[in-house]
Amino acid sequence: MKESKMSLWAGIGLLAGIIIGNATDNVGLWIALGLCFGAGIGSVLGDNKSKP
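Residues numbered from 1 in each chain as written. Predicted model: local features only at pLDDT ≥ 70, side-chain atom pairs only at ≥ 80, totals over all residues. Heavy atoms only, no water.

Caption draft 1: Expanded view of the overall build of the chain. When you go through the chain residue by residue, the secondary structure sums to two helices and zero strands. Out of the 52 residues in the chain, the part that is buried amounts to 15%. Of the accessible surface of the chain, which amounts to about 3,800 Å², a share of 71% is contributed by carbon and sulfur atoms. (Helix = DSSP H or I, 4+ residues; strand = E, 2+ residues; numbered from the N terminus. Buried < 20%, exposed > 50% of the residue type's maximum accessible area, 1.4 Å probe, protein only. Areas by Shrake-Rupley, 256 points an atom, 1.4 Å probe, with all protein chains shown as cover.)

See the structure below:
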């Protein structure tokens, strides 16, 4: 389940990066930032059952 939650948030970050990048006319930067922030949020909000 952790992988699917991370991929969901990475997709949301990608979408946000495309929208912000299109508005600021710098799509390449914001796609990368959106993916990084989305994956980071997904890993933080993910299920931590594997940690002792």
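Caption draft 2: Quick peek at the environment of valine 27. Its location among the elements puts valine 27 in helix 2 (residues 27-45). Each C-alpha atom, one on valine 27 and one on glycine 17, is 7.3 Å from the other, the two residues being 10 residues apart in sequence. Setting aside chain neighbours within four positions, we find valine 27 in contact with Gly21 and Asn22. (Contact = heavy atoms within 4.5 Å.)

Caption draft 3: View of a nonpolar patch on the surface. Together, Leu14, Ile18 and Leu35 give the surface a local cluster of nonpolar side chains, amounting to about 210 Å² of exposed area. Tracing the chain through its elements places leucine 35 in helix 2. Residue classification places leucine 35 among the partly exposed positions, given a relative accessible area of 36%. (Patch = residues over 30% accessible without salt bridge, like charges linked within 9 Å, V, L, I, M, F, W, Y side chains within 5 Å. Salt bridge = Lys/Arg side-chain N within 4 Å of Asp/Glu carboxyl O.)

Caption draft 4: Seen up close, helix 2. A rise of 1.5 Å per residue sets the reference length of helix 2, with its 19 residues, at 27 Å; its end C-alpha atoms lie 26 Å apart and thus fit the reference within 8%. Those residues of helix 2 lying buried are Gly34, Gly38 and Gly42. Looking straight down helix 2, one finds its buried side chains confined to an arc of 55°; they lie on one side. Away from the buried face of helix 2 by more than 90 degrees, exposed residues Gly28, Cys36, Phe37 and Val44 are located. (Expected span 1.5 Å × (residues − 1). Arc of directions from axis to C-beta.)

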